[in-house]
Amino acid sequence: MNPLPADQADREKIALRDGIRTCAQAMPGLLAWGAVTGMVLVQSGLSIWQAIAMTLIVYAGSAQLAALPLIVAGAPIWVIVLTTLLVNFRFVIFSAVVGPHFAHLHWTRRLWYGYFNADLVMAFFPQRFPAHTMGKPVGKLGYFKGLAYSTWWAWEIGSLIGILLASQIPTSWGIGFAGTLVLLGMTIPLIVNVATLAGVVVASVISVAAVGIPYKLGLVVAIVGGIAAALVADRMSSSPDAEERAS
Amino acid sequence: MNAFAYLMLMAMMAATTFLTRGFFFMLARSRMPAWLQHALGYVPAVALAAIVAPDLLVSGGSVSLSWTNIKLIAGVAAIAFFLRTRHVLATLVSGMVVFTALRLAM
């Protein structure tokens, strides 16, 4: 990677800066997305301090939005917590992608870093450190922190702006669409071969078809279905005499 | 809901964030079979697609593939822009410009 005769600490510092730089391109979208979430929290009936507390403590946008109407309606605590758990369920799959890279750390630190493994972190991290780099920890923690903490800051600042400006910016502007566009721009470069394309297409179709399933569980079904499709396509395209299709 | 009860609820919701996001951070030392390891490589692309697709294709609760679905049109424009420029920020700006122009025009 870098020819510098750097020691471990320097390498982590370089990796940290790389992580921040990688995240920077997604920052405007994150800010806009956080702002919309913050706005919705207040416009749905939370007080400003309630909205701030939720944003800072829970740190999971889609779960917050799902729990919101339940809290406002005074639903039982267990219903609210169960809903949050179900909406967050996709993160279990995400944690399997990133978590094993940090097996060497003490469990308290793994618990801490896991909390920050949000969608964008899960999307960026394996591009730099794919599965076969497991067991080679150099640079990973720095890179992860760079991604994870800049994601946290951008999301929280965006949310606070949204909470404070809730009454000023009309939701009809559709600023939250910026978040969708960022995810879109991150998805395309990940489609590196036919198998991934098959997975992406199948996951998209299932996800759209399953949009009525409550608690965003359609998303989990779509991810599982998409992976299955990718594995099947993988097997069909990797017969011994087939061309190597990865670009 | 009083302030204490609200903060307790927030703590419980945060516990679900820790539990789900941290799941395989906590179980990081368990050995994963090679095929599962391989399958997990597809997760980022597949998961992002599953998150994005309904945003673009579902409008007002049903699938919309028509010209009146401005998010779909703006999304297609953004994809075209990304394939030319390979730049996420430029994609974001172009998509929002198309989206806003169509929103104001309709």
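Only a predicted model underlies this, so the values are computations on that prediction, with no experimental measurement involved.

Undergrad: Would you mind showing me how to read the overall build of chain A here?
TA: A count of helices and strands for chain A gives 12 helices and 0 strands. Against the globule reference of 18 Å for 247 residues, chain A gives a C-alpha radius of gyration of 20 Å, in line with a compact fold. Each principal axis of the C-alpha distribution contributes one length, and for chain A these read about 60 × 45 × 35 Å. A total of 247 residues make up chain A; the buried ones form 53% of that total. By sequence separation, contacts in chain A at least 24 residues apart represent 76% of the contacts at least 6 residues apart. Accessible surface for chain A amounts to roughly 10,900 Å². Of this, 69% is attributable to carbon and sulfur atoms.

Undergrad: Help me understand the overall build of chain B, please; the structure alone is not making it clear to me.
TA: Scanning chain B from terminus to terminus reveals 6 helices and 2 strands. Starting at the N terminus, the α and β elements of chain B follow one another as α-α-α-α-β-β-α-α. Principal-axis analysis of the C-alpha atoms gives chain B an extent of 50 × 50 × 30 Å. Taken over 106 residues, chain B has a buried fraction of 42%. Considering only intrachain contacts with a sequence separation of at least 6, the fraction spanning at least 24 residues in chain B is 26%.

Undergrad: Please explain the side chain of Gln-50 of chain A as it appears in this structure.
TA: Within the element layout of this structure, Gln-50 of chain A appears in helix 3 (residues 48-58). Of note is the side chain of Gln-50 of chain A, whose polar atom sits 3.0 Å from the backbone nitrogen of Ser-47 of chain A.

Undergrad: How do you make sense of the confidence of the model for chain B when you look at a structure like this?
TA: Predicted coordinates in areas of low pLDDT are best not read in detail. Here chain B averages 91 in pLDDT, while 100% of its residues score no lower than 70. Here the complex is predicted with pTM 0.82, and the ipTM for its interfaces comes to 0.88.

Undergrad: How should the pattern of salt bridges be read in this particular structure?
TA: Oppositely charged side chains can pair when the atoms bearing their charge come close. Residue and element names in this part refer to chain A. Evaluated as defined, the whole model comprises 3 salt bridges over all chains. Residue Arg-128 is joined to Asp-18 by a salt bridge in which the shortest nitrogen-to-oxygen separation is 3.4 Å. Of the two residues, Arg-128 sits in helix 8 (residues 119-128) while Asp-18 sits in helix 1 (residues 8-24), which places them 110 residues apart along the sequence. Here Arg-128 falls in the partly exposed class, since its relative accessible area comes to 26%. A salt bridge links Arg-90 to Asp-119; its shortest N-O distance comes to 3.3 Å. With Arg-90 in helix 6 (residues 90-98) and Asp-119 in helix 8, this pair connects stretches of sequence that are 29 residues apart. Its relative accessible area of 7% is what places Arg-90 among the buried residues. Here the salt bridges share partners, and the residues they tie into one network are Asp-18, Arg-21 and Arg-128.

Undergrad: Would you take a moment to explain the interface of chain A and chain B for this structure?
TA: Accessible area lost when the parts come together is the quantity often used to give the size of an interface. At the junction of the two partners, chain A supplies 90 residues and chain B supplies 60 residues. Summed over both partners, the interface of chain A with chain B comes to about 6,600 Å²; 80% of that surface belongs to carbon and sulfur atoms. Among the residues chain A hides against chain B, the three largest losses belong to Arg-110, Phe-177 and Val-208 of chain A. Together they make up 10% of the total. Across the contact surface, chain A and chain B share 0 salt bridges. For the pair chain A and chain B, the number of links is 17 residue pairs in polar contact (both at pLDDT 80 or more). Broken down by element, the residue count for the side of chain A that touches chain B peaks at 10 residues, all from helix 10 (residues 177-187) of chain A.

Undergrad: Honestly, the nonpolar core in this entry has me stumped. Any pointers?
TA: As a rule of thumb, nonpolar side chains are buried together in soluble globular proteins. If you look at the biggest cluster of nonpolar residues, it comprises 76 residues, and the most contacted ones within it are Phe-94, Phe-102, Phe-125, Phe-144, Met-186 and Ile-223 of chain A together with Val-43 of chain B. A per-element tally of this core places helix 4 (residues 43-57) of chain B first, with 10 residues. Setting aside anything within four residues of it in sequence, one finds Phe-94 of chain A in contact with Asn-117, Asp-119, Met-122 and Ile-223 of chain A together with Val-43 and Ala-47 of chain B. Membership of the second largest hydrophobic core comes to 25 residues, among which are Leu-41, Ala-53, Leu-68 and Ala-75 of chain A.

Undergrad: Even after reading the chapter, I still don't get the packing of aromatic side chains, so can you show me in this structure?
TA: Two numbers describe a pair of aromatic rings. These are the distance of the centres and the angle of the planes. By the definition in use, this model includes 21 aromatic pairs over all chains. Pairing Phe-102 of chain A with Phe-144 of chain A gives two aromatic rings, centres 5.3 Å apart and planes at 65°, and the pair type is edge-to-face. Of this pair, Phe-102 of chain A sits in the loop between helix 6 and helix 7 (107-115) while Phe-144 of chain A sits in helix 9 (residues 140-164), and the two are 42 residues apart along the sequence. Phe-144 of chain A gets classed as buried once you look at its relative accessible area, which sits at 1%. Taken together, the ring pairs connect Tyr-59, Trp-112, Tyr-115, Phe-116, Tyr-149, Trp-152 and Trp-153 of chain A together with Phe-18 of chain B into an aromatic cluster. The positively charged end of Arg-128 of chain A is found above the aromatic ring belonging to Tyr-143 of chain A, 4.6 Å away from the centroid. The ring of Tyr-59 of chain A is capped by Arg-21 of chain B, whose NZ or CZ atom sits 5.1 Å from the centre of that ring.

What counts, and where the lines are drawn
- Residues numbered from 1 in each chain as written.
- Chains lettered and ligands numbered in written order.
- Predicted model: local features only at pLDDT ≥ 70, side-chain atom pairs only at ≥ 80, totals over all residues.
- Heavy atoms only, no water.
- Helix = DSSP H or I, 4+ residues; strand = E, 2+ residues; numbered from the N terminus.
- Rg over C-alpha atoms; globule rule 2.2 N^0.38 Å.
- Buried < 20%, exposed > 50% of the residue type's maximum accessible area, 1.4 Å probe, protein only.
- Contact = heavy atoms within 4.5 Å.
- Areas by Shrake-Rupley, 256 points an atom, 1.4 Å probe, with all protein chains shown as cover.
- Polar contact = N/O pair within 3.5 Å; in protein donor to acceptor, adjacent residues only side chain to side chain.
- pLDDT = per-residue confidence, 0-100.
- Salt bridge = Lys/Arg side-chain N within 4 Å of Asp/Glu carboxyl O.
- Buried area = accessible area lost by both parts, 1.4 Å probe.
- Core = buried A, V, L, I, M, F, W, Y, C linked by side-chain atoms within 4.5 Å.
- Phe/Tyr/Trp six-rings, centres within 6.5 Å; stacked < 30°, edge-to-face > 60°.
- Lys NZ or Arg CZ within 6 Å of the ring centre and 35° of its normal.

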